[in-house]
Amino acid sequence: LPVPQINTLTVLDANSIKLDFTPQQNIQYKLEIAVNNSATFQQFQTLYGVNTVTIPNLKTEENFYCFRLSSFDPCTNSNTYSFPVCSHKYTLAIQNGLNKLTWATSSLGVATTEIIRNGNSYTLIPGSPAIFDDVDVICKTNYCYQVINLYAGGTKSISLEKCGEAFTTVSPTAVTNISSVVGSNGVTLTWLQDPLFTVQEYAALRNQNNSSFGLLKKTIDTNLIDTDYTTAGAFCYRINYGDLCGNASSIGALICPMRLTFSVDPKNSITLKWSSLKGWKNGVSNYRIEKFDKSGGLMQTVNVGTDTVWVDDQVDVLNQVFQYQIIAQPVESGPINSLSNRIVVTKDVNLFYPNAFTPDGVGPVENETFTVLGYYIVKMELKVFDRWGSMVF
């Protein structure tokens, strides 16, 4: 008698399995079944002239079933058996960041196990494992799986398809690198965020003078402008966000833009002071001072390291008005430089004039001439009045 072969076993639902095979003419077949093993078979049904059979009233979620087909010779009362093929007792568990497939079946004769995901071949595993962890999943995405055992003789056993929506409860990493650029229209904040997490929305929080934080703005961009920012306000910020999985990030780092101030002493020495920048995980590498003339032309750049005070005592009799700005450079690569507010400093003319002089050729020589002294004088006008208030010169 010819050796029969079951071509495909397909689990249809929780209660039924379908078998497909290729019958030969004038052959009577007997179908046998075993529960949770591939050794103890019982005759289940006699088949003739059909190429498919559906077995009902099973419990495919609780058991796996093995089948074999035999060609029956009524003259000698003998059977020629096919190789057994078994179904899967199969479960899908959706876990945090992981879809876990677990199944029980007989490994006898199984050459390869194929995992089908969303209707496409996802991976091939040699032999007959009993578990597969799919970690390459995106939260809030539905995934459907089937397990297929490929037997050495070409037979396939196809499990029921099971589906579930992936999720993760991992808190996204905090925003820890934020740059601030202070300009005439406020301050612009620009930040970097861990690319491992897909952002649904950022929430920019602001406080003033160490008050509690309040929501400033929500955005999907990685930058925003606060037009209400002033250096007098002592504003600080945090950037938090939620990802597409519905998880909130850890609290973002504190970002406080630099606030540049100045003072001028009687000798026209200018002292610059600025607040330390906050906003970068690894801090500031160095501060650079940019000095401009009245028209905004760059005159000088000074690297002061991590100091936050600098004295400009250079004597300059040509320029009276200067502009200054601080540039902070981060330790790590990635974040852009931060800029302070730009200040305008006007030096004093330090005007001196005597309240008396003796142009009589008798007294000290230095008292003979009326002289006005000072810096940055463009023009000067002198008026002389008599004691009654009439201008005489």
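Residues numbered from 1 in each chain as written. Predicted model: local features only at pLDDT ≥ 70, side-chain atom pairs only at ≥ 80, totals over all residues. Heavy atoms only, no water.

S.K.: Sorry if this is basic, but what is going on with the overall build of the protein chain here?
M.R.: Within the protein chain, the regular secondary structure consists of 0 helices and 30 strands. A compact globule built from 393 residues should have a C-alpha radius of gyration of about 21 Å, whereas the protein chain, at 43 Å, is more than 25% larger. Each principal axis of the C-alpha atoms in the protein chain carries an extent, and together these give about 160 × 35 × 30 Å. Across the 393 residues in the protein chain, those meeting the buried criterion constitute 39%. Of the contacts formed within the protein chain by residues at least 6 apart in sequence, a portion of 58% connects residues at least 24 apart. A total of about 21400 Å² of accessible surface is found on the protein chain, and carbon and sulfur atoms cover 51% of it. (Helix = DSSP H or I, 4+ residues; strand = E, 2+ residues; numbered from the N terminus. Rg over C-alpha atoms; globule rule 2.2 N^0.38 Å. Buried < 20%, exposed > 50% of the residue type's maximum accessible area, 1.4 Å probe, protein only. Contact = heavy atoms within 4.5 Å. Areas by Shrake-Rupley, 256 points an atom, 1.4 Å probe, with all protein chains shown as cover.)

S.K.: Help me understand the packing of aromatic side chains, please; the structure alone is not making it clear to me.
M.R.: Aromatic rings in a pair are described by how distant their centres are and how their planes are angled relative to each other. Throughout the structure, instances matching the rule amount to 9 aromatic pairs. Here the aromatic rings of Tyr143 and Tyr145 are separated by 6.4 Å at their centres, their planes lie at 25 degrees, and the arrangement is stacked. Among the residues examined, Tyr143 registers a relative accessible area of 4% and is labelled buried. Among the residues examined, Tyr145 registers a relative accessible area of 0% and is labelled buried. Pairing Tyr375 with Tyr376 gives two aromatic rings, centres 5.7 Å apart and planes at 45 degrees, and the pair type is tilted. Here the aromatic residues Trp191, Tyr202 and Tyr241 are joined through ring pairs into a cluster of three or more. Above the ring of Tyr81, the side-chain terminus of Arg68 is found at 4.0 Å from the ring centroid. Geometry around Phe322 places Lys291 over its ring, the cationic atom sitting 4.7 Å from the centre. (Phe/Tyr/Trp six-rings, centres within 6.5 Å; stacked < 30°, edge-to-face > 60°. Lys NZ or Arg CZ within 6 Å of the ring centre and 35° of its normal.)

S.K.: Hey, could you run me through empty space enclosed by the protein in this one?
M.R.: Regions of empty space are outlined by a rolling probe, equal in size to a water molecule, passed over the atoms. Scanning all chains against the criterion turns up 2 cavities of 30 Å³ or more. Of the volumes computed, that of the largest cavity is approximately 50 Å³. Around the largest cavity, the lining residues are Val11, Thr60, Glu61, His88, Tyr90, Ser159, Leu160 and Lys162. Split into classes, the residues belonging to the lining of the largest cavity amount to 3 nonpolar, 3 polar and 2 charged. The computed volume of the second largest cavity comes to approximately 30 Å³. Considering the residues around the second largest cavity, the lining is formed by Ser38, Phe83, Pro84, Cys86, Ser106, Leu108 and Tyr151. Considered class by class, the residues forming the lining of the second largest cavity number 5 nonpolar, 2 polar and no charged. (1 Å grid on protein atoms, 1.4 Å probe; cavity = no way out; pocket = protein on both sides within 12 Å on 5 of 7 lines; lining within 4 Å. Points joined across faces, edges and corners; volume = space filled by probe spheres on them. Nonpolar A, V, L, I, M, F, W, Y, C, P; charged D, E, K, R; others polar.)

S.K.: Where do I start with the pairing of strand 14 (residues 142-151) in this structure?
M.R.: Within a regular strand, side chains alternate between the sheet's two faces. Here strand 14 lies mainly inside the structure; 8 of its 10 residues are buried. Strand direction decides the pairing type here: strand 11 (residues 110-117) and strand 14, joined by 7 bridges, are antiparallel. Considered in strand 14, the bridge of Glu114 is made with Ile148. Pairing of strand 14 with strand 16 (residues 162-165) involves 4 bridges; the strand directions are antiparallel. Residue pairing in the sheet places Asn142 in a bridge with Glu165 of strand 16. Across 3 bridges, the pairing between strand 14 and strand 15 (residues 156-158) is antiparallel. What sits directly across from Ile148, in strand 15, is Ile158. From the end of strand 14 to the start of strand 15, which pair antiparallel, there are 4 residues, and Gly154 there has a positive phi angle of about 105 degrees. (Pairing = 2+ DSSP bridges.)

S.K.: Can you walk me through the environment of Pro74 in this structure?
M.R.: Along the chain, Pro74 falls in the loop between strand 6 (65-73) and strand 7 (78-81). What makes Pro74 exposed here is its relative accessible area of 60%. Residues Pro74 and Gln28, 46 residues apart in the sequence, show an inter-C-alpha distance of 8.7 Å.

S.K.: Please explain the nonpolar core as it appears in this structure.
M.R.: Soluble globular proteins: nonpolar side chains tend toward being buried together. Core analysis: the largest hydrophobic core is formed by 35 residues, its most contacted members being Leu272, Trp274, Tyr287, Ile289 and Tyr324. Counting only elements with at least two residues in this core, the list comes to strand 17 (177-183), strand 18 (186-192), strand 19 (199-208), strand 22 (235-243), strand 24 (270-274), strand 25 (284-292), strand 28 (321-330) and strand 30 (343-346). In contact with Tyr324, not counting residues within four places along its chain, are Leu260, Ile270, Leu272, Ile289, Glu290, Lys291, Trp310, Asp312, Asn341, Arg342, Ile343 and Val345. In this structure, Leu69, Cys86, Val110 and Tyr151 belong to the second largest nonpolar core, which totals 26 residues. (Core = buried A, V, L, I, M, F, W, Y, C linked by side-chain atoms within 4.5 Å.)

S.K.: What's the story with the environment of Gln95 in this structure? I'm lost.
M.R.: With respect to the helices and strands, Gln95 occurs in strand 9 (residues 89-95). C-alpha of Gln95 to C-alpha of Thr169: the two residues are 74 residues apart in sequence and 9.6 Å apart in space. In contact with Gln95, other than residues within four places in its own chain, are Lys100 and Phe167.

S.K.: Please explain the pattern of salt bridges as it appears in this structure.
M.R.: Two side chains carrying opposite charge are able to pair once their charged atoms lie near each other. Evaluated as defined, the whole model comprises 8 salt bridges. We note a salt bridge from Glu32 to Arg68, for which the minimum N-O separation is 2.6 Å. Of this pair, Glu32 sits in strand 3 (residues 28-35) while Arg68 sits in strand 6, and the two are 36 residues apart along the sequence. Take Arg68: its relative accessible area is 22%, and that puts it in the partly exposed class. Here Arg206 makes a salt bridge to Asp226, at a shortest N to O gap of 2.9 Å. In this pair, Arg206 is assigned in strand 19 and Asp226 in strand 21 (residues 223-226), connecting sequence segments 20 residues apart. Exposure remark for Arg206: the relative accessible area of 22% places this residue in the partly exposed category. Residue Asp226 is classed as buried on the basis of its relative accessible area of 2%. (Salt bridge = Lys/Arg side-chain N within 4 Å of Asp/Glu carboxyl O.)

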